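Each chain, letter by letter, is given below.
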There are 2 protein chains.
Amino acid sequence: MASRLQQGRGGRLQHRLFLHGCQGRKIVTSQVYIAGAAMTPFGRHNALSMQDLAQAAVLNALKDAGVRKDEVQAIYAANVYGGMVLGQVLIRDMGITGPALYNVENACASGATAVHLACQALRLGLYETVVVFGVEQLTQLGGGTIPLQRNDYKTELYASHGMTLPTVYAMRGTRYLHERGETAELLARVAVKNRAHGARNPLAQQRSEVTLEEVLNSRPVAEPLTLLQCCPSAVDGAAAVVLTTRRPTQHSAAVHILASAVQSGYQELGCDDILDAEITARTARLAYEQSGVDPKDVNLVELHDAFTIAELLYYEALQLTKSGEGGELLRSGATALGGRVPVNPSGGLLAKGHPLGATGVAQMVEVVWQLQNRADGRQIENAKIGLTQCTGGGIAGVDHAASSVHILGV
Amino acid sequence: MASRLQQGRGGRLQHRLFLHGCQGRKIVTSQVYIAGAAMTPFGRHNALSMQDLAQAAVLNALKDAGVRKDEVQAIYAANVYGGMVLGQVLIRDMGITGPALYNVENACASGATAVHLACQALRLGLYETVVVFGVEQLTQLGGGTIPLQRNDYKTELYASHGMTLPTVYAMRGTRYLHERGETAELLARVAVKNRAHGARNPLAQQRSEVTLEEVLNSRPVAEPLTLLQCCPSAVDGAAAVVLTTRRPTQHSAAVHILASAVQSGYQELGCDDILDAEITARTARLAYEQSGVDPKDVNLVELHDAFTIAELLYYEALQLTKSGEGGELLRSGATALGGRVPVNPSGGLLAKGHPLGATGVAQMVEVVWQLQNRADGRQIENAKIGLTQCTGGGIAGVDHAASSVHILGV
């Protein structure tokens, strides 16, 4: 698959995706736009049902897109823990009935995988307008990562032996500091940055700026990770986007999906080298190739900072800097708001919260708002190209993982 | 979307699918073939893990297709109750790593929905060769429908009040007999037929022929449904197909997917008229339109006979006969092996068993084997076109449902 970016009339960016068909045919496919984007506040929503959350996101995304319910031809529902035919149940009272509905799961990459599948159908011309939503209500499971792993027979055994998500990431952090000759302060800087961003996002769960000292002195979770370096997991929320092949006119700029890539593999950050985010690196290469975008041209990134160490590893996997220079990139301020390529302007998983199925979609909501100058209080100037990345699985007991990278542009 | 069937050189059926793109463009898409098909025996496999089951199905399907592991570009995994990133976990020891992996759930229609999504990507030219597998291990949940509903918060309340799947189908059966002036004997005939078919299928869970009297006198489950009119639900199994856009040469005839349709809606067999299988009727119309196949030209059908009443309702929804004439179709023998359009030659869910995620894929395995003269002991003569149908959801507490119809041809 290859593509090219063209400057159209009036300097407007035009994007044509060419698919090199498997039998040598070249198919010019439809462009896919994000016409509308919405999310609920992420937080503890004990008084709300999963229906309430999904409905708020979907109906607001439709309103944002100026798309009527009867124009929706398919729905993609992303969720991890909600159970059977959840999408159908959640849209029950929305007055949208009839269209094909696909329930998609890829752990924390569920939302992005749902967008990816929707893109395929839209590019093919199977549908003109679809809705993708992600939702999760983790507070019902008690919050924390142990209840999550306990809910899954594959990870239960590992959890009972102490191999929870924080401990797995902590080992990566320890190795990183050792290999790079860094101290825990570097990891803490990620939390300071993203929590400063989150403080400007009214939809984030945790909206307090913190100092390096506060991060380092917060309760130890798994050395070298302290509490403020872990994303809040007792969180509920939903996010939705309306995807269409009709050029939307509702907002200042039409947001294209320039690339949509999902890959799987053996243990993202695996046993051979726990600092090698191989799947994400491979997925990113695919996305850059699809879009024709150079990593240097990316203006903002929303990435999977479930724990501070993850952000540092993904800087390099996403080619935001050279291998080995992730720490320097962070220290330079390039990835903070006001820097060359702000990373997680929304606050990221660390401050915004991480309701699994919703996360991948919410990352795109943030990028859409940034590209359309709708990110009040944290707006990045003149952003034209944004990238989202999230991963799923790859934890103890689930040693295969998925990664997803999308590139959006105006 | 429209298509046409053409007689090619040597009378070989050729199929071209034209997609009328949303902006008026016409896209000629790739043909999709089922190059290989395999399934495990359905039954109580307490000594086997879910990995064992999935591995047997996938590796045998690849062998059947003559496709190497390194040719697989994506994997679609269908499952209902296995939990997070199950597909990735199950392929772990198969030596297939790297490709995109999509975990798809649509209750009992999960397997068919996974095939549907795979078809979209293949038609688009995104992949050339993919594997779709479905797997479920219901014996681990204790079997029966109450444990299944108890495992799902949405249906748990209803189950505790007695609204389990058998009681919901029983109400449909009672209404059908009342409306049509029939007796319980008609329902029992479905079980006699499909269990006779299953007796000829070495992979079916229940392989005993039964008489009308035995069906009617078996333990009452929910009037008018007796035990032998309900599919066995304490069952484990897996099924897999290899889909490709390269014309396969491995077998006597190349099986095309002529149509792939998934639709959702409000309560298949719902409250307004519990005998109206609206979603399936709509999905079938779409599939006939896509394929250009006339319902009269269908030579065999694998349909969702979870309970005997379901088969009678789907005869009409699938246009195998006129509305109101389903009973007559059954009594005429047309839907038995040797009849005009054998329905559930595999034994159906009633005899073969119903491991949810595997069912939709297993239906296609049967049709492939029939179309390629590989259904020893239950072979339908000269079958050219087969149809599979399954539904998901639509039970108490999950009143939105999915339906899927595929049409395969040689």
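Scroll up for the structure.
Note that the structure is a prediction, hence the values are computed from the model and not measured.

### Considerations on the packing of aromatic side chains
- Under the defined criterion, the tally for this structure stands at four aromatic pairs over all chains.
- For the pair Y76 of chain B and Y102 of chain B, a centre-to-centre distance of 4.8 Å together with 40 degrees between the ring planes defines the contact as tilted. You can see Y76 of chain B sitting in strand β5 (residues 74-78) and its partner Y102 of chain B sitting in strand β6 (residues 100-105), a full 26 residues away along the chain. Comparing Y76 of chain B with Y102 of chain B shows no difference in burial state: the two are buried.
- When the ring centre of Y169 of chain A is taken as origin, the NZ or CZ atom of R172 of chain A, which lies over that ring, is 4.6 Å away.

### A look at the side chain of Q31 of chain B
Residue and element names in this part refer to chain B.
- Relative to the elements of secondary structure, Q31 occurs in the loop between β3 (26-28) and β4 (33-39).
- With a relative accessible area of 19%, Q31 lands in the buried category.
- There is a polar contact of 2.8 Å between the side chain of Q31 and the side chain of H256.

### Points about the pairing of strand β7 (residues 129-137) of chain B
Residues and elements named next belong to chain B.
- Most of β7 sits out of view: nine of its nine residues are buried.
- Both faces of β7 are covered, namely the face carrying T129, V131, F133, V135 and Q137 and the face carrying V130, V132, G134 and E136.
- Where β7 and strand β10 (residues 236-244) come together, nine bridges link them in antiparallel fashion. Bridge assignment links G134 to a residue of β10, and that residue is A239.

### Things to note about helix α3 (residues 110-124) of chain A
All names here are of chain A.
- Taking 1.5 Å as the rise per residue, α3 with 15 residues should run 21 Å; its terminal C-alpha atoms sit 21 Å apart, in good agreement.
- Among the 15 residues in α3, 15 count as buried, and that is most of the element.
- Directly after α3, the chain includes G125, whose backbone phi takes a positive value near 90 degrees.

### Details of the nonpolar core
- By size, the foremost hydrophobic cluster in this structure holds 113 residues, and its most contacted members are Y76, Y127 and L243 of chain A together with Y76 and L243 of chain B.
- The contact partners of L243 of chain A, leaving out residues within four places of it in the chain, are V32, Y33, I34, V115, A118, C119, L122, E128, T129, V130, V132 and I257 of chain A.

### Side note on the pattern of salt bridges
- Tallying each qualifying case throughout the model produces 29 salt bridges over all chains.
- Here K352 of chain A and E302 of chain A are joined by a salt bridge, their closest N and O atoms 3.5 Å apart. Of this pair, K352 of chain A sits in helix α12 (residues 348-352) while E302 of chain A sits in strand β12 (residues 300-302), and the two are 50 residues apart along the sequence. Each member of the pair, K352 of chain A as well as E302 of chain A, is classed as buried.
- In this structure, R331 of chain B engages E328 of chain B in a salt bridge whose closest nitrogen and oxygen atoms are separated by 3.8 Å. A residue pair is termed a helical-turn pair when its members lie 3 or 4 positions apart in one helix, as R331 of chain B and E328 of chain B do in helix α11 (residues 326-331) at three residues.

### What to know about the packing of α3 of chain A against helix α3 (residues 110-124) of chain B
- Following both chains from N to C, one finds α3 of chain A and α3 of chain B inclined at 50 degrees, their axes separated by 9 Å at the closest point. Considering their axes alone, α3 of chain A and α3 of chain B lie oblique with respect to each other. As for how α3 of chain A packs across α3 of chain B, the hand of that crossing is left-handed. Contacts between α3 of chain A and α3 of chain B involve L117, Q120, A121, R123 and L124 of chain A from the former and L117, Q120, A121, R123 and L124 of chain B from the latter.
- Among the residues forming the contact of α3 of chain A with α3 of chain B, the class breakdown is six nonpolar, two polar and two charged.

### Structural notes on the side chain of S218 of chain B
Residue and element names in this part refer to chain B.
- Along the chain, S218 falls in the loop between α8 (212-217) and β8 (220-222).
- In this structure S218 comes out as buried when scored by relative accessible area, which is 12%.
- Polar contacts involving the side chain of S218 include one to the main-chain carbonyl oxygen of V215, which spans 2.8 Å.
- At 3.4 Å, the side chain of S218 forms a polar contact with the backbone nitrogen of L227.
- Leave out the neighbours within four places in its chain, and S218 touches T226, L227 and L228.

Conventions and cut-offs
Residues numbered from 1 in each chain as written. Chains lettered and ligands numbered in written order. Predicted model: local features only at pLDDT ≥ 70, side-chain atom pairs only at ≥ 80, totals over all residues. Heavy atoms only, no water. Phe/Tyr/Trp six-rings, centres within 6.5 Å; stacked < 30°, edge-to-face > 60°. Helix = DSSP H or I, 4+ residues; strand = E, 2+ residues; numbered from the N terminus. Buried < 20%, exposed > 50% of the residue type's maximum accessible area, 1.4 Å probe, protein only. Lys NZ or Arg CZ within 6 Å of the ring centre and 35° of its normal. Polar contact = N/O pair within 3.5 Å; in protein donor to acceptor, adjacent residues only side chain to side chain. Pairing = 2+ DSSP bridges. Expected span 1.5 Å × (residues − 1). Core = buried A, V, L, I, M, F, W, Y, C linked by side-chain atoms within 4.5 Å. Contact = heavy atoms within 4.5 Å. Salt bridge = Lys/Arg side-chain N within 4 Å of Asp/Glu carboxyl O. Axes fitted to C-alpha atoms, helices over the stretch in contact; angles between N-to-C directions. Parallel < 35°, antiparallel > 145°, perpendicular 65-115°, else oblique. Left-handed = near helix turned anticlockwise from the far one by under 90°. Nonpolar A, V, L, I, M, F, W, Y, C, P; charged D, E, K, R; others polar.

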